Every structure is written in C-alpha cells, then in structure tokens.
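Take a look at the letters that make up each chain.
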Amino acid sequence: MTGLRLPEADASVLARRDEIITALRAIVPGEGVIDREREMRPYESDALTAYRQLPLVVVLPSNTQQVSQVLRYCHENNIRVVPRGAGTSLSGGALPLQDAVLLGMGKFNRVLDIDFPNRCAVVQPGVTNLGITKAVEHEGFYYAPDPSSQIACTIGGNVGENSGGVHCLKYGLTTNNVLGVELVLITGEIVRLGGKHLDAGGLDLLSVVIGSEGLLGVVTEVTVRLLKKPDTARAVLVGFPTSEDAGECVARTIAAGIIPAGIEMMDRDAIAAAEAFVKVGYPLDVEALLIIELDGPEAECAHLLEEVAAIARGCNASTLRVSQTEEERMGFWAGRKAAFPAVGRISPDYLCMDGTIPRKALPLVLSRMRELSEKHGLKCANVFHAGDGNLHPLILYDANKGEMDAAEAFGADILRLCVEVGGVLTGEHGVGIEKRDLMPEMFDEVDLAHQQRLKCAFDPESLLNPGKVFPTLHRCAELGRMHVAGGALPFPDLPRF
C-alpha cells in the first residue's frame, strides 16, 4: 500500500483482537463474524482495487439491533468501524483499516414495504438498486437513479455516495429520490430522519446523511420514492466527427430548454470496446457518440426527437439512429452500461475517474484532456453523463509495467482541471481515499474545518470510517468541539439533534 496514507493503527486495539472477536461473536452469533485471514480476503478492497488492506475482523449483522450493539461496543471500547455495502465503490470508500471492524451490511437485503398509493417503498440497505425496480415494475413503477453498476450496487451504498446514473439529468440523484432513512449512530442510538411524508420542517439532516460516505452513521433502512414508468421512451444514437461537436450538441440541447431523460457520451475507444462487448450496432467510424433518451407522452417524444435531430445536424452529426422498439432502446443502453467492463478488453488496467463540470466547459475540457493524455503518456477512454457534466474518464494503464503512478497523476490533473473550470471533484463516486488529498484544491482550511465539525457532531471520537474524505483528520477537540461542564450544556434552550 505504498503511497497511501491511512490513520496509524491503534496498537492497544490490535493487542485486544481476540477479546474483541469474542465480544462480537456474542452480539452476532453463528457465521456473523469472520476473523480468518483467507476468509477476510474478499473484503480487503472495494472496486478501487489498487489499494488493499485486511480489516481487524468482519462482522455481518442481520438486524438493526445487532448493528446498534456492535456500534455501541466499538464506541465504548474506542474501536474504529468501516461500514461496507456491496463493495462497488470506486473511490476506496469501503477500504478497511488494520485496526477497524468492517461492518458488512449484505444481510440487510429485504424489501420491507411497497406503498403504491404513497408512491414509495421501504427497503433495507442491502437491496440492490435494480432490485427495487424489479420489485415494483409489475405495477408500472420504477426507481429512477440507475448507476451503471445497478445490478450489483446496493441502495445503502447509493445513499452513502449520493449515486446518480444515466437518468439523473431529468430525475435527479439519490438525494432527490430518498424520502427517509433509519440511521444508527456510533453510540448505538437508532434515529429516523424523514419518512413517507414529504419534506419536514427544521434542519435537513436527511440531506446531510445522503452522500456522507459512512462518516456519520450506519443506514439500516431506506424509504425511496417510486415513479410511474413513462408512457413512451425513445433513444437516439448520434455520431460526431469530433468530441467537441458532441459536446456542443449537448450544450445546445439543454440551452433549447429540452431536458432529456439522459444524455450519455462515449469517445472512439469506448465505442469500439462497448460494441465488441455487446454488439448492438454502435457506429465505429465516429469520434464521439451521444445516446439521448426522451420520455413522456408519445406526441411530446416525437416532437422532441425532431428538435434534437435538428440540433444534432447543426452540430455536424454524421450518423443518427432512433430506437424503433423497446428492445432496441435497451440495446443502446446495454452498450453504455457495459462500457466499464468492456474497456477491460483493450487495457489490462484502468482507473475510473469522476468529476463534474459546467456543461458549457465540455468542449474545452475534452481538448485539455487530450493534452494531459500526451503529457502523461497514457490513453484515456471517455464515458460520461454528458447531460449534467459528470465525467468518467477511464485512464488506461498497465500496473505490471509500473504505470500506476502515472495513471494516478493523470487522474489528479483531470480533477484539478474540473475544479479550474468551475466544477467539482466528484459527481457520484464520492471522495473516499481516491480524492481525499485533492480536497484542498476545492476547499480552503476554513471550509474543511467546518465540514469536520459536522462530523464531530455525529462522531466525536472519529471512529466511523476515519482516513476518508478529509486530507487532515483533526481531533474534534482541536476544532473547538462543544464541551459539557458539570453536566450542563451551553445554551440549553436551543433544540439539539
């Protein structure tokens, strides 16, 4: 794990490993505790596989009370905890620590309640993203956010990273589609934020928890918003001679007041890899390909398709193909959703980046990324949510040839470029460890200190997922944590969480 700084292991915790395992077995009996090295290997990394670390022990609770008891025990004994969902995180957010309990939520995999009249469902965090749609599609409903990993990623991880997907342009990210959560704090206290009702008054703590990357608490139940399936959905493949032309088409489409369900973009390398993988008829003689989907009433879709086609031709589109059947539409998306694994056909390793930029900066950023590719001597395949400016450049490298450092430097330069043009470091993958040391590119010391004070309000001893997100992990006391003197809180009249 060269080059990666993690919090220094607590020797006293390591010395108490056997005692800790015994205590955890009493809380989660049977097969709920994994402590042998070989059996813990599957948990040593998430989808950012460049970094690996065995945990102290793996615990797999099966109900909220067990989660509460595990967290309370760890809090009382000053033991760190790393929450983990399906392990599909691309930012190292679930990377274990040597002295930390890895809390796996895989057994929380039930749909608890489907409420069609209120258009919502209550699910456990281990239910897959696609599993929610499968559970409600028989009544014509679905769950809108759809990350490319939706067949495997779980709703708990989606909440932790505020995941999006190809349809988030029109229907929003996880934060726009979650109504409530049940959350267990590090003290073991179980709290509920939100619910089946719409927005409540007071502090919006639900939005604080969504995207908090496991730093504030462990989610054990999620209430999600369900949407009715649109009457019609049509997708169009548009090929362009240059990536800049494709970027211009995206900007003009949104500027015209058209909000498609999704606009995705792939460059030549990604197109070739995806077509070889799924064989859906992508054009191979173009430099960039847009997949634009329009949904709603049939007449509206037909009108907007004409508008989009006219805009595309005005941006030098060289090919244009509209889906004629539902099967063909799904085929268009199959190639895009398989783009990440498909790139494995053209490179032994790749680093998937995640940054977001203003749409108008897309042509400039694509041009600058080509310059960075030459600077670092590595190719880059581009696949991204063009409609909302969320880039996912895939940096191609060979770790066996010692190219890992160059790939990381290339990725860091891409993220700096995103911030430079007015964007942000992450759109949906989270900060984790991957972007942790780049946070000062976007936030100054005051900003970061305020963010850490928020963490201190939930987790005063920094026991939950330490070493992630913040480049310098201060002790809460250093940040002026509120002290209790003689059992009396300052300003007792103020409402507190």
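Right, let's walk through the structure included here. Here the structure is a predicted model, which is why all the values come from computation and not from measurement.

## Looking at the overall build of the chain
Assigned secondary structure in the chain consists of 17 helices and 20 strands. By the compact-globule yardstick of 23 Å for 497 residues, the chain fits well, its C-alpha radius of gyration being 23 Å. Projected onto its principal axes, the C-alpha positions of the chain cover 70 × 55 × 45 Å. Split into buried and exposed, the 497 residues of the chain put 54% on the buried side.

## Quick word on the sheet that holds strand S8 (residues 178-184)
Ordered in space as S5-S6-S10-S8-S9, the five strands form an open sheet in which the pairing is antiparallel. In this open sheet, the two edge strands, each paired with only one partner strand, are strand S5 (111-115) and strand S9 (190-194). When the angles between neighbouring strand axes are averaged without regard to direction, this sheet yields 15°. Here four bridges tie S5 to strand S6 (residues 120-123), and the two strands are oriented antiparallel to one another. Directly across from Asp-115, in S6, lies its bridge partner Cys-120. Against the sheet, helix H4 (residues 64-76) engages S8, S9 and strand S10 (218-225), with an angle of about 50° to S8.

## Thoughts on the pattern of salt bridges
One pass over the structure, following the stated rule, counts 29 salt bridges. For Arg-336, the salt bridge is made with Glu-264, and the minimal N-O distance between the two is 2.7 Å. Within this pair, whereas Arg-336 is found in helix H12 (residues 326-337), its partner Glu-264 is found in strand S13 (residues 262-267), the two being separated by 72 residues in sequence. Accessibility expressed as a relative area gives 0% for Arg-336, which makes it buried. A relative accessible area of 1% means that Glu-264 is categorised as buried. The salt bridge partner of Asp-413 is Arg-416, with a shortest N-O separation of 3.0 Å. Placement of the pair is Asp-413 and Arg-416 together in helix H15 (residues 404-420), with a separation of three residues, close to one helical turn.

## Remarks on the state of the cysteines
Under the counting rule described, the total for this entry stands at one disulfide. The disulfide partner of Cys-456 is Cys-476, and the S-S distance across this bridge is 2.1 Å. Looking along the S-S bond of the Cys-456-Cys-476 disulfide, the torsion reads about -95°, which is the left-handed sense. Here Cys-456, found in helix H17 (residues 445-458), pairs with Cys-476, found in the segment after H17; they are 20 residues apart in sequence, far enough to count as distant. The pair formed by Cys-456 and Cys-476 is uniform in burial state, with each residue classed as buried. The structure places no disulfide on Cys-168, whose sulfur is separated from the nearest cysteine sulfur, that of Cys-153, by 13 Å. This cysteine, Cys-352, is not joined by any disulfide, and Cys-380 carries the nearest cysteine sulfur, 9.9 Å off.

## Points about H12
Taking 1.5 Å of rise per residue, the twelve residues of H12 would be expected to cover 16 Å, and the 16 Å separating its terminal C-alpha atoms lies within 8% of that figure. By the burial criterion, the buried members of H12 are Arg-329, Gly-331, Phe-332, Trp-333, Gly-335 and Arg-336.

## A word on the nonpolar core
Counting residues in each nonpolar core, the largest one holds 85 residues, and the members touching the most others are Val-178, Val-222, Val-224 and Leu-290. For Leu-290, the residues in contact, after removing those within four places along its chain, are Val-236, Leu-237, Val-238, Phe-240, Ala-246, Cys-249, Val-250, Ile-263, Glu-264 and Met-265.

## Observations concerning the environment of Val-181
Relative to the elements of secondary structure, Val-181 occurs in strand S8. Here Val-181 falls in the buried class, since its relative accessible area comes to 2%. As for Val-181 and Leu-193, which are separated by twelve residues in sequence, their C-alpha atoms are 5.4 Å apart. When sequence neighbours within four positions are dropped, the list of residues in contact with Val-181 reads Val-191, Arg-192, Leu-193, Leu-206, Val-219, Glu-221 and Val-222.

## So, the sheet that holds strand S4 (residues 100-104)
Strand order in this open sheet of four strands is S1-S2-S4-S3, and the pairing throughout is mixed. What marks the edges here is a single partner per strand, and that holds for strand S1 (33-34) and strand S3 (80-84). When strand S2 (residues 57-59) meets S4, the two strands line up parallel, connected through three bridges. Bridge pairing in S4 places Val-59 opposite Leu-103. The sheet contacts of H4 involve S2, S3 and S4, and relative to S4 the element is tilted by about 170°.

## A look at helix H5 (residues 129-136)
Those residues of H5 that sit buried are Asn-129, Ile-132, Thr-133 and Val-136. Across the axial projection of H5, the buried residues extend over an arc of 95°, all falling on one side. Looking at the buried side of H5, the elements it contacts are S5, S6, strand S7 (141-142), helix H6 (155-161) and S10.

## What about the packing of helix H14 (residues 362-376) against H15?
Between H14 and H15, the least distance of the axes is 10 Å, while the angle of their chain directions is 155°. Relative to H15, H14 is oriented roughly antiparallel. With respect to the hand of their crossing, H14 and H15 are arranged in right-handed fashion. When H14 is examined against H15, the residues Val-365, Arg-368, Met-369, Leu-372, Ser-373, Lys-375 and His-376 are found in contact with a partner set consisting of Ala-406, Ala-409, Phe-410, Asp-413, Ile-414, Leu-417 and Glu-420. For the contact of H14 with H15, the residue count by class is eight nonpolar, two polar and four charged.

## Focus on the packing of aromatic side chains
Inspection of every chain in the model, using the stated rule, returns two aromatic pairs. Ring geometry for Tyr-142 and Tyr-171: centres 6.4 Å apart, planes at 85°, overall edge-to-face. In this pair, Tyr-142 is assigned in strand S7 and Tyr-171 in helix H7 (residues 168-171), connecting sequence segments 29 residues apart.

Calculation notes
- Residues numbered from 1 in each chain as written.
- Predicted model: local features only at pLDDT ≥ 70, side-chain atom pairs only at ≥ 80, totals over all residues.
- Heavy atoms only, no water.
- Helix = DSSP H or I, 4+ residues; strand = E, 2+ residues; numbered from the N terminus.
- Rg over C-alpha atoms; globule rule 2.2 N^0.38 Å.
- Buried < 20%, exposed > 50% of the residue type's maximum accessible area, 1.4 Å probe, protein only.
- Pairing = 2+ DSSP bridges.
- Axes fitted to C-alpha atoms, helices over the stretch in contact; angles between N-to-C directions.
- Contact = heavy atoms within 4.5 Å.
- Salt bridge = Lys/Arg side-chain N within 4 Å of Asp/Glu carboxyl O.
- Disulfide = S-S within 2.5 Å.
- Expected span 1.5 Å × (residues − 1).
- Core = buried A, V, L, I, M, F, W, Y, C linked by side-chain atoms within 4.5 Å.
- Arc of directions from axis to C-beta.
- Parallel < 35°, antiparallel > 145°, perpendicular 65-115°, else oblique.
- Left-handed = near helix turned anticlockwise from the far one by under 90°.
- Nonpolar A, V, L, I, M, F, W, Y, C, P; charged D, E, K, R; others polar.
- Phe/Tyr/Trp six-rings, centres within 6.5 Å; stacked < 30°, edge-to-face > 60°.

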